[in-house]
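# What the coordinates show
These are the residues of each chain, in order.
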Amino acid sequence: MKAVSAEEAVAMIPNGASIMVGGFMGVGTPDRLLDELVRQKKSGLSLISNDAATPGKGVGKLFEGGQVSNMIGTHIGLNPKAQQQMLGKQITVDLIPQGTFVERIRAGGCGLGGVLTPTGVGTLVEEGKQKIDVKGKSYLLETALRADFALVHAFLADYFGNLSYALTARNFNPVMAMAADTVIVTAEHIVPVGVIGPDHVVTPGPLVDYLVANG
């Protein structure tokens, strides 16, 4: 794990990269990294995020600058800009059920090829997907999701990169930290090793590549 500035962290992300961004409607989102993505005008991003947040908040900032080329998420209903770009075919959006979304990310982090789920069987969701019968019940094979970068926000981080999260701000951050080639973290507080009790570590340090220094 290496400590870097937000500017240095985002400089490593090329145009066209796939990025997972933690957060739920802006809660638990690494805003410092998103602000820097906007400042550096990274473009053509493939965004994997639960939602499109709202205009000017969280990942919503990326849509305002036209920086997203495609998105995989569970809803975009509160961001008119994302909706306009989808309807105008400026971006492609793959909307999937929230449980399927997080399980596909978990599968990516655990080295699995995918998950079997009954969700979507018999609907438009099953089009183009492999259907598998298990003991007489039909399931869809949903493939694993991974990204080039995961942008994660934690409540506490120590000098080894161990992370702890606060309440609902935890949301998708821990699973995304497992499912990317490079993991970049911002934290509310950076503390000495030992402050976070071993049983309170949710994301262990070896998963974290870069920690954005506070200040």
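Please refer to the structure higher up on the page.
All values derive from a computational prediction rather than experimental measurement.

### Some remarks on the overall build of the chain
A count of helical and extended segments in the chain gives 6 helices and 12 strands. For 215 residues, the compact-globule estimate of 2.2 N^0.38 gives 17 Å, and the chain sits close to it at 17 Å. Expressed along its principal axes, the backbone C-alpha trace of the chain runs to roughly 55 × 40 × 25 Å. Residues counted as buried form 47% of the 215 residues belonging to the chain. Summed over all atoms, the accessible surface of the chain reaches about 10000 Å², with 56% contributed by carbon and sulfur. Side-chain charges of the chain comprise 17 positive and 19 negative groups, with the mean position of each set lying 3 Å from the other.

### So, a nonpolar patch on the surface
On the surface, Tyr 159, Phe 160 and Val 193 cluster together to form a nonpolar patch covering roughly 350 Å² of accessible area. Within the secondary structure, Tyr 159 is located in the loop between strand 9 (147-158) and strand 10 (163-164).

### Thoughts on helix 5 (residues 98-109)
In a regular helix each residue adds 1.5 Å, so 12 residues correspond to 16 Å; helix 5 covers 17 Å between its end C-alpha atoms and thus fits that length. Of the positions making up helix 5, those classed as buried are Thr 100, Phe 101, Arg 104, Ile 105, Ala 107 and Gly 108. Along the axis of helix 5, the buried residues cluster in a sector spanning 160 degrees; they form a single face. Just downstream of helix 5, Gly 111 is the residue with a positive phi angle, here 80 degrees.

### A short note on the environment of Gly 16
Residue position: Gly 16 is located in the loop between helix 1 (6-11) and strand 2 (18-21). Relative accessible area serves as the criterion here: at 45%, Gly 16 is assigned to the partly exposed category. Separated by 153 residues in sequence, Gly 16 and Ala 169 place their C-alpha atoms 27 Å apart. Dropping the residues within four chain positions of it, Gly 16 is found in contact with Ser 43, Gly 44 and Leu 45.

### With respect to the sheet that holds strand 6 (residues 114-117)
Pairing within the open sheet is antiparallel, and its 3 strands lie in the order 6-8-7. In the strand order of this sheet, the two ends are held by strand 6 and strand 7 (131-134), each with one partner. When the angles between neighbouring strand axes are averaged without regard to direction, this sheet yields 35 degrees. Two strands pair when backbone bridges link them, and strand 7 and strand 8 (residues 137-143) are joined in this way by 4 bridges, in the antiparallel orientation. When the bridges of strand 8 are listed, Asp 133 appears paired with Ser 138. Strands in contact with helix 5 are strand 6 and strand 8; relative to strand 6, the strand with the most contacts, it is inclined by about 145 degrees.

### Notes on the pattern of salt bridges
In total, this model carries 9 salt bridges according to the counting rule given. Residues Arg 39 and Glu 7 are paired through a salt bridge, measuring 3.6 Å at the closest nitrogen-oxygen approach. One end of the pair, Arg 39, is in helix 2 (residues 31-39); the other, Glu 7, is in helix 1, and 32 residues separate them in sequence. With a closest N to O distance of 3.7 Å, Lys 61 and Asp 31 form a salt bridge.

### Notes on the packing of aromatic side chains
Under the defined criterion, the tally for this structure stands at 1 aromatic pair. Between Phe 101 and Phe 172, the ring centres sit 5.6 Å apart and the planes meet at 75 degrees, which makes this aromatic pair edge-to-face. Of this pair, Phe 101 sits in helix 5 while Phe 172 sits in the loop between strand 10 and helix 6 (173-176), placing them 71 residues apart in sequence.

### Re the nonpolar core
Of all hydrophobic cores here, the largest spans 27 residues; its most connected members are Ile 13, Ile 19, Leu 37, Leu 47, Phe 63, Leu 151 and Ile 184. Mapped onto this core, the elements with two or more residues apiece are helix 1, strand 2, helix 2, strand 3 (45-48), helix 3 (60-64), strand 4 (68-73) and strand 9. Residues within four places of Leu 151 in sequence aside, it is in contact with Ile 13, Ile 19, Met 20, Val 21, Gly 22, Pro 30, Leu 33, Leu 37, Asn 173 and Ile 184. Membership of the second largest hydrophobic core comes to 25 residues, among which are Ile 96, Ala 154, Phe 172 and Ala 177.

The rules we used
- Residues numbered from 1 in each chain as written.
- Predicted model: local features only at pLDDT ≥ 70, side-chain atom pairs only at ≥ 80, totals over all residues.
- Heavy atoms only, no water.
- Helix = DSSP H or I, 4+ residues; strand = E, 2+ residues; numbered from the N terminus.
- Rg over C-alpha atoms; globule rule 2.2 N^0.38 Å.
- Buried < 20%, exposed > 50% of the residue type's maximum accessible area, 1.4 Å probe, protein only.
- Areas by Shrake-Rupley, 256 points an atom, 1.4 Å probe, with all protein chains shown as cover.
- Lys, Arg positive; Asp, Glu negative; His and termini not counted.
- Charge placed at Lys NZ, Arg CZ, Asp CG, Glu CD.
- Patch = residues over 30% accessible without salt bridge, like charges linked within 9 Å, V, L, I, M, F, W, Y side chains within 5 Å.
- Salt bridge = Lys/Arg side-chain N within 4 Å of Asp/Glu carboxyl O.
- Expected span 1.5 Å × (residues − 1).
- Arc of directions from axis to C-beta.
- Contact = heavy atoms within 4.5 Å.
- Pairing = 2+ DSSP bridges.
- Axes fitted to C-alpha atoms, helices over the stretch in contact; angles between N-to-C directions.
- Phe/Tyr/Trp six-rings, centres within 6.5 Å; stacked < 30°, edge-to-face > 60°.
- Core = buried A, V, L, I, M, F, W, Y, C linked by side-chain atoms within 4.5 Å.

Function cannot be inferred from these measures alone, as they are strictly geometric.
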